[in-house]
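# Remarks on the overall topology
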Amino acid sequence: KFYNFPLENTFFWIGKFPLRIASGIVFDDNQKGANGIRIDFEKKLFDRISIFYLQQHVSAEEFKPTHHLYALDIDKSFGDGSWKIYYIKDKTNDEGRNIFYNFKTTNKNFYGISYLVENKDVNYMIDAVFEGGYSTNNSNKKIRHKAYAYNIQASWNMRLPLIGRTKTKA
C-alpha cells in the first residue's frame, strides 16, 4: 500500500489486499485477500472513491486467471449513515465453471447500493444489488443473467436486568 500516491489522500494498492464490498453479496474475500490493483481517493468529492481491478482463479489447480473484475465503489456520508454505490464487471477470457454450467465466456455486470447506520446501541444495513449480462456455454448457447438480491441486517446493544449487556442480531 502506497500512501499519498500520486496525490495527497490517495492510496495505491498492488498485490494482495483485503476487500469486501458493502455486505459482501457480490464480492467478499472471506478474509483471504484479493489479488489486484486498487486506487482509493479519499476526502475529495465523496468520502472515498475506489477503482480496482482483480484477477480471480477458477480453481487452485489452474495458474491462468480466468475472471477479470473491474469495479468502482463510492462512499458518501449523508444524514445519520453512509451510502455506498458500486459497479462491478466480471469478464472472462477463457473457459470456466459456474455452479450449474460450464462456460466459454462470461460478461456480467453488477450494480449495487447500500445504506449503513452505526450508532452506539443500534446498527442496521440495507444492501441491494442487480445483475445483468450474459454467458456463453460450451454449446454456444447464450445464457442471459438477470437477477437481484437484497440483504438487510440489524443489531441492537442493550442492557437487560439480570442478564446484563447483550447484543441481538437479525
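Calculation rules
Position numbers for residues count from 1 along each chain, tracking the sequence in the order it is written. Residue-level local features of this predicted model are given only where pLDDT is at least 70; pairs of side-chain atoms are given and counted only at 80 or more, and the full residue set underlies all totals for whole chains, interfaces and linings. The basis for every side-chain value is the complete set of heavy atoms in the structure, and neither hydrogens nor water enter the calculation. Joining through side-chain atoms within 4.5 Å is the link that ties buried Ala, Val, Leu, Ile, Met, Phe, Trp, Tyr and Cys residues into a set, and such a set is a nonpolar core. Only protein chains enter the accessibility calculation, which uses a 1.4 Å probe; a residue is then buried when its area is under 20% of its type maximum, exposed when over 50%, and partly exposed in between. To qualify as a helix, a DSSP run of H or I must reach at least 4 residues; to qualify as a strand, a run of E must reach at least 2; elements of each kind are numbered from the N terminus. Note on contacts: a residue pair is in contact if any heavy atoms of the two residues lie within 4.5 Å. We define a salt bridge as a contact between a side-chain nitrogen of Lys or Arg and a carboxyl oxygen of Asp or Glu at a distance within 4 Å. Think of it this way: Lys and Arg go in the positive column, Asp and Glu in the negative one, and His and the chain ends go nowhere. Identification of polar contacts relies on pairs of N or O atoms within 3.5 Å, with a donor-acceptor requirement for protein atoms, meaning one able to donate a hydrogen and the other able to accept it, and with residues adjacent in sequence counted only if both atoms are side-chain atoms. Pairing between strands is defined by DSSP: at least two bridges between them are needed. Patch building starts from residues that exceed 30% relative accessible area and form no salt bridge, then joins like charges within 9 Å and nonpolar side chains (Val, Leu, Ile, Met, Phe, Trp, Tyr) within 5 Å. Areas reported here follow the Shrake-Rupley algorithm with a probe of radius 1.4 Å; residue values treat only the protein chains shown as occluding.

## Brief notes about the nonpolar core
- Counting 17 residues, the largest nonpolar core has Leu 19, Ile 21, Phe 27, Phe 52, Leu 54, Tyr 86 and Ile 88 as the members making the most contacts within it.
- Among the elements of the structure, strand S2 (10-17), strand S4 (48-56), strand S5 (67-78), strand S6 (81-92) and strand S9 (122-137) are those that each provide at least two residues to this core.
- It is S2 that contributes the most residues to this core, three residues altogether.
- In this structure, Ile 21 is in contact with Phe 27, Phe 52, Lys 84, Tyr 86 and Ile 88, ignoring residues within four places of it in sequence.

## Description of the pattern of salt bridges
- Across all of its chains, the model carries seven salt bridges by this definition.
- Its salt-bridge partner being Asp 28, residue Arg 20 comes within 3.8 Å of it at the nearest N-O pair.
- Accessibility expressed as a relative area gives 45% for Arg 20, which makes it partly exposed.
- One salt-bridge network, held together by shared partners, links Arg 48, Asp 73, Asp 75 and Lys 84.

## Points about the side chain of Asp 90
- Checked against the element boundaries, Asp 90 lands in strand S6.
- With no salt bridge to any partner, buried Asp 90 finds its closest opposite charge in Lys 108, at an N-O distance of 4.8 Å.
- In this structure the side chain of Asp 90 is engaged in a polar contact, spanning 2.8 Å, whose partner is the side chain of His 67.
- What Asp 90 contacts, discounting residues up to four positions off in sequence, is His 67, His 68, Leu 69, Thr 106, Asn 107, Lys 108 and Phe 110.

## Let's talk about the pairing of S6
- Two elements, S5 and S6, share twelve bridges in a ladder whose sense is antiparallel. Each residue of the ladder has a partner; that of Asp 75, found in S6, is Lys 84.
- Hairpin geometry of S5 and S6 is characterised by an intervening segment of two residues between the two adjacent antiparallel strands and by a positive phi of about 70° at Gly 79.
- In this sheet, strand S8 (residues 102-118) lies alongside S6 in antiparallel orientation, the contact comprising ten bridges. Counted as the bridge partner of Tyr 86 is Gly 112 from S8.

## Thoughts on a nonpolar patch on the surface
- Side chains of Val 122, Tyr 124, Ile 126, Ile 152, Trp 156, Met 158, Leu 160, Leu 162 and Ile 163 sit close together on the surface and give an oily, nonpolar patch of about 900 Å² of accessible area.
- Every element with two or more residues in the nonpolar patch is listed here: S9 and strand S11 (147-160).
- Counting through the fold element by element, Ile 163 comes out in the loop between S11 and strand S12 (164-169).

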